Amino acid sequence: MNLRLIRVRMDIASGQKTQYRNLIGSLTPVNTNSIMNSIAYGTTRLAIKTLSSLFKARVNLHATENIPQGAKIFVINHFTRIETLLVPYYLHALLKKPIWSLASYELFFGALGRFLESVGTISTKDPDRDRLIVKSLLTHEADWIIFPEGRMVKSKKIIEKGRYIVSYAGGKHPPHTGAAHLALRTEFYRRRLLGLGEDRATELERLRPMFNLAEDAQICTLGTSIVPVNITYYPLRAKINALHRMAKRIKEDLPENFAEELMTEGAMLLDGVDIDIRFGKPIEIAPYLQVRSILKDIRRPEPFGFDDPLTCLADMRKAALKIMQRYMGAIYALTTVNHDHIFASLLKNSVRQRVKLEDFCRRAFLAIHRGAAPSPFHLHTSLKEEQSHLLLDDRFNRLSDFLAVAQETGVVHRQAADLHTNRRKLRTIFDFHRARIDHPIAVMANEVEPLIRLQRNISRLCWTPSFVLRRRIFHYFKEKAELEFEQDYKQYYLEGESKSRSNGRPILIRGRSRRLGVVLCHGYMAAPPEVKTLAEFLGRRGYWVYAPRLKGHATAPEDLATRSFKDWIRSVEEAYLLMHNACRHVVVGGFSTGAALALELAARVNDLAGVFAISAPLRLQYAAARLTPLVDKWNRLMTRMRWEEAKKEFVTNNPENPNINYMRNPISGVRELERLMDQLEPRLQRIQIPAMVVQSEEDPVVHPKGSERIFQLLGSVDKQYVAFNFKRHGIILGEGSERVHRAIGDFIHQLPIVGGRSQPMAAMETKTEG
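So, here's what we can say about the structure.

Conventions used here
- Residues numbered from 1 in each chain as written.
- Predicted model: local features only at pLDDT ≥ 70, side-chain atom pairs only at ≥ 80, totals over all residues.
- Heavy atoms only, no water.
- Salt bridge = Lys/Arg side-chain N within 4 Å of Asp/Glu carboxyl O.
- Helix = DSSP H or I, 4+ residues; strand = E, 2+ residues; numbered from the N terminus.
- Buried < 20%, exposed > 50% of the residue type's maximum accessible area, 1.4 Å probe, protein only.
- Pairing = 2+ DSSP bridges.
- Axes fitted to C-alpha atoms, helices over the stretch in contact; angles between N-to-C directions.
- Contact = heavy atoms within 4.5 Å.
- Core = buried A, V, L, I, M, F, W, Y, C linked by side-chain atoms within 4.5 Å.
- Phe/Tyr/Trp six-rings, centres within 6.5 Å; stacked < 30°, edge-to-face > 60°.
- Lys NZ or Arg CZ within 6 Å of the ring centre and 35° of its normal.

## Topic: the pattern of salt bridges
Move 1: Applying the stated criterion across every chain, the model contains 40 salt bridges.
Move 2: For Arg549, the salt bridge is made with Asp488, and the minimal N-O distance between the two is 2.9 Å. In this pair, Arg549 sits in the loop between β22 (544–547) and α21 (557–561) while Asp488 sits in helix α19 (residues 466–492), placing the two residues 61 residues apart along the sequence. Side by side, Arg549 and Asp488 carry an identical accessibility label, which is buried.
Move 3: Residues joined by salt bridges that share partners form a network here, namely Glu386, Lys480, Glu484, Asp488, Arg549, Lys551, Asp559, Arg563 and Glu574.

So, in structure tokens, the structure goes:
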């Protein structure tokens with residue numbers, strides 16, 4: 001083999017060392033590079049550890065179990081320069097084996113070129129490229145990385161008219177079949193060497209000089225595979241950053257493509273990005289050799305050279321094309337779908353230039369939540385969680401961050417509650433080297449264009465009218481609540497303690513008009529029947545009413561002991577979203593803990609018509625509440641000491657409604673109730689909508705002073721405080737409860753959206769004697 005002398009200079013932690021690689025005689029390239037790999041990977045590891053304090057990128061490896069044992073070529077999509085360094089490093093760390101790769105000849109200059117060669121990177125124009133790859137795969141001395149697109153695809157535009165086409169600055173071309181050809185040639189020679197029988201030793205001796213095989217070299221008996229790999233970045237935000245500014249100080253007039261890469265990839269590293277590297281199922285190459293002409297040449301007794309034309313060449317090319325189509329499809333099917341993909345695809349497929357923001361959010365929600373069936377796509381971790389925030393308050397800023405980029409690049413213009421889209425910005429052919437800066441939304445949409453099922457689903461959603469979207473979301477949350485209760489009831493059911501199933505099912509009353517709906521939340525350790533009589537009273541007045549089950553309730557105390565107040569908040573949020581998609585206006589209210597949860601929602605959601613709170617807790621009076629901090633600390637101590645039997649997890653409860661409430665109160669539940677109250681108090685000032693606070697003056701559970709403080713802290717101008725002279729906590733059930741119902745009904749009736757007073761009333765305090 002005509003090999004050249006390569007000088008490799010590397011800086012390592014202990015100082016500078018100069019290594020030389022003389023690829024001649026019996027010293028093979030792979031053997032030498034195995035030494036160089038270990039030094040270079042060690043240097044890379046030190047560099048990555050050093051820079052990790054500055055760089056915030058998070059690398060996540062998925063489905064590594066798909067990596068087979070034998071010789072393999074990893075075929076990977078190519079979007080950034082980062083990949084040429086990170087992927088070999090992580091694969092080497094994972095497999096403990098040299099990882100070689102092909103890279104564009106344009107990268108082989110100066111120190112970068114020398115470093116790439118030191119870690120086993122071969123130029124695409126190396127004359128001995130194919131022979132070296134086949135040889136190292138035959139002996140399985142190294143695995144390989146090949147980027148079948150041949151170059152970075154900055155626009156991520158890979159599909160045209162249903163075919164894979166790579167677009168770049170110089171034009172377009174189909175993906176390369178090189179990885180498939182090399183895998184086929186490797187397996188061809190492997191099958192030939194392992195299948196020649198008596199002639200095997202002779203043929204092996206003949207092939208030694210062809211592949212520069214050492215005397216003790218062994219042919220790996222495991223077959224060759226191609227492993228498709230996808231790399232997805234989220235979020236993709238190009239902007240001026242510290243690396244870009246540093247480079248500008250060194251050289252004012254940066255080349256355009258270099259400046260763009262610093263802005264894009266520098267922002268990824270410095271601002272933080274999730275890099276999801278996902279491995280697909282391996283493609284075994286041996287079955288593609290089961291063609292008569294190929295098998296005939298494999299068994300051919302007479303010798304032939306590496307580049308000699310064989311009769312099977314046409315069939316090998318056909319097989320390579322099939323394999324290429326297969327691994328390209330697999331690579332893009334492995335894309336990790338994220339919020340940006342969904343949003344960008346919705347804009348690209350929008351059938352109207354003006355889109356209601358609320359309907360845009362509904363479409364995004366339904367594109368992510370496809371019902372009970374598991375998603376056929378690979379989802380980013382942020383999409384595996386409940387997406388109610390998209391419909392509610394965007395508390396994770398997924399949508400607002402995306403819209404900021406879309407507005408900055410001229411894709412959308414926001415006007416009040418509408419988005420005005422410029423679809424030309426999504427479909428125009430743009431400058432290759434400016435794509436990630438000037439057209440990031442189009443780049444996001446292009447990345448998931450190969451996911452046909454996703455595109456069809458999004459296209460259908462874009463054609464779906466608003467009333468159908470609302471109906472689908474209504475049914476989604478209704479069915480979700482019912483299914484969760486059935487699952488929790490089955491899991492936590494306790495014979496003799498759990499109430500009947502009917503006790504825990506959410507209550508839905510359909511009113512005469514969709515003008516107004518009421519969300520009505522039950523209290524701590526209770527269930528929907530606690531508010532049923534009030535719900536029926538409001539239903540008779542023509543309102544829609546929905547009484548959800550708070551998580552952990554209506555099953556068993558052990559279920560409640562596992563829940564946090566955030567689970568209860570989520571139950572109320574989903575109840576509000578159900579009603580919001582059934583009625584034009586929504587009032588939210590509740591009893592006891594349900595009242596606190598109603599106020600918590602009103603502090604975050606702006607479009608509620610009103611809120612009422614009955615016996616809302618801000619200060620508790622019963623003994624369990626006073627002892628909770630001490631018992632909670634004791635339980636944590638016992639857990640650390642692994643003395644579970646000494647823990648005090650429940651106290652006896654003597655409820656006013658034993659047919660509804662739990663008979664045991666989990667200490668952890670009381671602690672969560674206190675955390676809810678602590679979170680609620682500083683937020684009360686945010687509530688600006690009409691509000692009503694109702695309290696029993698001799699409540700043995702909730703201190704009336706707490707309700708009075710709630711009333712004082714409310715930011716609402718239009719607010720009422722109504723006190724009843726009852727000697728019990730549960731004032732919405734039992735004697736005199738109808739007067740509480742009427743007070744609530746009158747409050748709702750007086751709301752402006754219902755047809756009551758048109759001007760807000762000043763803060764009013766009334767007292768009704770029992």
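## What about the sheet that holds strand β16 (residues 354–356)?
The strands making up a sheet associate through backbone hydrogen bonding, with each pair oriented either parallel or antiparallel.
Move 1: The strand order across the open sheet built from three strands is β16-β19-β18, with neighbouring strands paired in antiparallel fashion. Unpaired on one side and paired on the other, β16 and β18 (412–415) mark the two borders of the sheet. Strand-to-strand twist of the sheet, defined as the mean angle between neighbouring strand axes without regard to direction, takes the value 25 degrees.
Move 2: Across four bridges, the pairing between β18 and strand β19 (residues 418–421) is antiparallel. Its bridge partner being in β19, Arg414 is matched across the sheet by Leu419.
Move 3: Seen against the sheet, helix α12 (residues 357–368) touches β16, β18 and β19 and runs at an angle of roughly 75 degrees to β16.

## Points about the nonpolar core
Move 1: Counting residues in each nonpolar core, the largest one holds 97 residues, and the members touching the most others are Ile441 and Leu599.
Move 2: The biggest single contributor to this core is helix α22 (residues 565–580), with nine residues.
Move 3: Residues within four places of Leu599 in sequence aside, it is in contact with Val611, Ala613, Ala616, Leu680, Leu684, Ile687, Ile710 and Leu714.

## Topic: the packing of aromatic side chains
Move 1: Across all of its chains, the model carries 19 aromatic pairs by this definition.
Move 2: Geometrically, the ring pair formed by Phe74 and Phe279 is edge-to-face, given 6.1 Å between the ring centres and 70 degrees between the ring planes. Here the residue Phe74 occupies a position in strand β4 (residues 72–76), and Phe279 occupies one in strand β13 (residues 274–279), the gap between them amounting to 205 residues. Note on accessibility: Phe74 and Phe279 belong to one class, buried.
Move 3: The structure contains a cluster of three or more aromatic residues connected by ring pairs, namely Phe188, Tyr189, Phe304 and Phe306.
Move 4: Geometry around Phe711 places Lys719 over its ring, the cationic atom sitting 4.9 Å from the centre.

## Concerning the pairing of strand β27 (residues 691–696)
Move 1: In terms of burial, β27 is largely enclosed, as six of its six residues are buried.
Move 2: Because side chains alternate across β27, one face comprises the buried residues Ala691, Val693 and Gln695, and the other comprises Met692, Val694 and Ser696, equally buried.
Move 3: Here strand β24 (residues 610–614) pairs with β27 via four bridges, running parallel. When the bridges of β27 are listed, Ile614 appears paired with Val694.
Move 4: Where β27 meets strand β28 (residues 719–724), six bridges bridge the pair, whose relative direction is parallel.

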